[in-house]
There are 2 protein chains.
Amino acid sequence: MRMENRDSEERMSLTARAYGEIRRRILDNEMPPGTMMLEQELAAMLAMSRTPVREALIRLANEGMVEVRPRHGMRVLPVSADDMAEIYQILTALESDAAAEIARTGLGPEELAALKGAVQEMEDALAADDLKAWARADGHFHTLLIEACRNKRLRALVYQFWDQTYRVRMLTLTLRPRPTDSNRDHQALVDAIERRDPEAAARIHREHRLRAGAMLVSLLRNGPTQL
Amino acid sequence: MRMENRDSEERMSLTARAYGEIRRRILDNEMPPGTMMLEQELAAMLAMSRTPVREALIRLANEGMVEVRPRHGMRVLPVSADDMAEIYQILTALESDAAAEIARTGLGPEELAALKGAVQEMEDALAADDLKAWARADGHFHTLLIEACRNKRLRALVYQFWDQTYRVRMLTLTLRPRPTDSNRDHQALVDAIERRDPEAAARIHREHRLRAGAMLVSLLRNGPTQL
DNA sequence: GCACTCGTTTGTGTATACGTAAATGAATAC
DNA sequence: GTATTCATTTACGTATACACAAACGAGTGC
């Protein structure tokens, strides 16, 4: 049980392990924003030498998760309201374009069914007042959608920026209003894709993300702490 | 004479120098697509040890310029027609969104004047049949424009993908039709920004990039070699 | 108290060392 | 001539070594 996971982890390079492990700790908030750690501390924590840690940090820094400051080690980057606004502008542009492309190309019946299933998951979670499950279903929906995009570079970018919003979304989950209109958006988006209407798909997705971004930004601006 | 340049280069870290130098050689086609080099060869070429070279390669690989294959060193990535299509889809989405934002925010008179100056440069170059100068002016225009975008993450992404199209644009410069309609697009875009019309700005930029992308893709598909 | 100098500590940037596994090629069998 | 095995080479992944410069703090002068 879960043997394949351990196996695959064990045959990965140390650099890859360091990257995955540090990233996981940041996303899980085990290393909250602002956390500073020296290369040596990370190396000790992960039971390896500084070399693979440094290489992992270069990637994480490129992806905007951490900052490497000359003498103070790595710092887990906080996500300010302004950062969030920037990230959502990018996600909005990329994802709405992807939605248009998907609607133009069309989706197979099983893919459409999967999307509808995810929408149903969201409805169920909302009915059960299970916000955690709702967030999972929401992630599921958007993952199914973006995976249907043929552009692998675009997919990679979207995943990268999702990562950067993950912590904030998790931590604001209980602060935001019930996501009823979010569910409505998703249903409308599936409809637009099903009827092969690229303009509508792009517009719906754009407004969906603009609204989500604006809400998160305002929560961050009014909230006490910077995440 | 160019002393400041040497100085700044000399106080850079070796990793930064390796990154800049390898990137330059790739963009200038001194290391054409497909070129394979071992870490040791690069290190010898740049008169440093493998360590900074490896760190530079990690960044270059993240940015999609090279591929690092376990035992064959680094390989300068070719840009296929499909790659170009992916990159232009992303640039189209990001830049047209940036154009809309700029039109919404509005530009100061000196920024508008600079843009108009760049358009004039393009006209002059085209009149003089100087394609090199035209490409420079075109780059100048789009740089001025994207620099007006407040979103630094978006700017960085656009620069990164421009880099990846640079070689192809240079090498196809003489193969493409005279860029008269390109100049017209730029003039129309400046007008849309000046009258603060975000929808028009986005639409014009979108179509401008879609056309440019389609042209490059078709040149690559019909051309003999992959760049 | 406050600024300033200078020695000390420490983290990093880079070079180097080293074991391992992939690639290569020779030698053999058919 | 083709396939297979095995020894050799070699490029890489990782660990370690080391010099330097930044940060820190004690001590000094005021």
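This one's a predicted model, so the numbers in the text were calculated from it and none came from an experiment. (Residues numbered from 1 in each chain as written. Chains lettered and ligands numbered in written order. Predicted model: local features only at pLDDT ≥ 70, side-chain atom pairs only at ≥ 80, totals over all residues. Heavy atoms only, no water.)

Undergrad: In this structure, what is going on with helix H9 (residues 180–194) of chain A? I would like to understand it.
TA: Every α-helix carries 3.6 residues per turn, so stepping three or four residues along brings you back to the same face. All names here are of chain A. Between its first and last C-alpha, H9 extends 22 Å over 15 residues, near the 21 Å set by a 1.5 Å rise per residue. Three or more residues of H9 are buried, namely Ser-182, Asn-183, Asp-185, His-186, Leu-189, Val-190, Ala-192 and Ile-193. Looking at the buried residues of H9, the elements they touch are helix H5 (81–105), helix H6 (109–127), helix H7 (131–147) and helix H10 (198–222). Following H9 by one or two positions, Arg-196 has its phi on the positive side, about 55°. (Helix = DSSP H or I, 4+ residues; strand = E, 2+ residues; numbered from the N terminus. Expected span 1.5 Å × (residues − 1). Buried < 20%, exposed > 50% of the residue type's maximum accessible area, 1.4 Å probe, protein only. Contact = heavy atoms within 4.5 Å.)

Undergrad: Where do I start with unusual backbone geometry in this structure?
TA: With phi around 60°, Asp-129 of chain A is a residue other than glycine that occupies positive phi space. In this structure, Asp-129 of chain A sits in the loop between H6 and H7.

Undergrad: Can you walk me through the interface of chain A and chain B in this structure?
TA: As a measure of interface size, the accessible area lost when the parts come together is often cited. Taken residue by residue, the interface counts 23 residues in chain A and 23 residues in chain B. With both sides pooled, the region where chain A packs onto chain B buries about 2300 Å², and carbon together with sulfur makes up 45% of that total. At the junction of chain A and chain B, the tally comes to 10 salt bridges. In this structure, the salt-bridge partner of Lys-152 of chain A is Glu-86 of chain B, at a minimum N-O distance of 3.4 Å. (Buried area = accessible area lost by both parts, 1.4 Å probe. Salt bridge = Lys/Arg side-chain N within 4 Å of Asp/Glu carboxyl O.)

Undergrad: Help me understand the domain arrangement of chain A in this model?
TA: All names here are of chain A. What the domain assignment reports for chain A is domain 1 (3–76) and domain 2 (81–222). The interface is formed by 10 residues belonging to domain 1 together with 6 residues belonging to domain 2. Summed over both partners, the interface of domain 1 with domain 2 comes to about 680 Å²; 50% of that surface belongs to carbon and sulfur atoms. Here Arg-23 makes a salt bridge to Asp-163, at a shortest N to O gap of 2.9 Å. (Domains from an automatic or database assignment.)

Undergrad: How do you make sense of the packing of H5 of chain A against helix H8 (residues 152–171) of chain B when you look at a structure like this?
TA: If you want to describe how two helices pack, look at the angle between their axes and the distance between the axes. Running from N to C, H5 of chain A and H8 of chain B cross one another at 45°; their axes reach a closest spacing of 8 Å. Judged on the interaxial angle alone, H8 of chain B and H5 of chain A are oblique. Contact with H5 of chain A, carried on its side by Asp-83, Glu-86, Ile-87, Gln-89 and Ile-90 of chain A, involves Lys-152, Arg-153, Leu-154 and Leu-157 of chain B of H8 of chain B and no other residues of that element. Taken together, the residues of the contact of H5 of chain A with H8 of chain B break down into 4 nonpolar, 1 polar and 4 charged. (Axes fitted to C-alpha atoms, helices over the stretch in contact; angles between N-to-C directions. Parallel < 35°, antiparallel > 145°, perpendicular 65-115°, else oblique. Nonpolar A, V, L, I, M, F, W, Y, C, P; charged D, E, K, R; others polar.)

Undergrad: What is the right way to read the side chain of Thr-165 of chain A from this model?
TA: Tracing the backbone shows Thr-165 of chain A in helix H8 (residues 152–171). Discounting residues that sit within four places of it in the chain, Thr-165 of chain A has contacts with Met-84, Ile-87, Tyr-88 and Leu-91 of chain A.

Undergrad: Before we go on, may I ask you to explain the protein's contact with DNA strand C in this structure?
TA: Inspection of the region around DNA strand C gives 18 residues, with Arg-54 and Arg-71 of chain A together with Leu-14, Ser-49 and Thr-51 of chain B positioned closest. Those atoms of DNA strand C that come within 4 Å of the protein belong to sugar or phosphate at a rate of 64%. At 2.4 Å, a side-chain N or O of Arg-54 of chain A approaches a phosphate oxygen of DNA strand C. Here Thr-15 of chain B contributes a side-chain N or O atom positioned 3.1 Å from a phosphate oxygen of DNA strand C. For the surface near DNA strand C, the elements supplying multiple residues, two or more each, are helix H3 (39–46) and helix H4 (50–62) of chain A together with helix H2 (14–27) and helix H4 (50–62) of chain B. Per-element tally for the surface near DNA strand C: the top contributor is H4 of chain B, with 3 residues. Classifying every residue of the surface near DNA strand C by side-chain character gives 5 nonpolar, 7 polar and 6 charged. (Near = heavy atom within 4 Å. Polar contact = N/O pair within 3.5 Å; in protein donor to acceptor, adjacent residues only side chain to side chain.)

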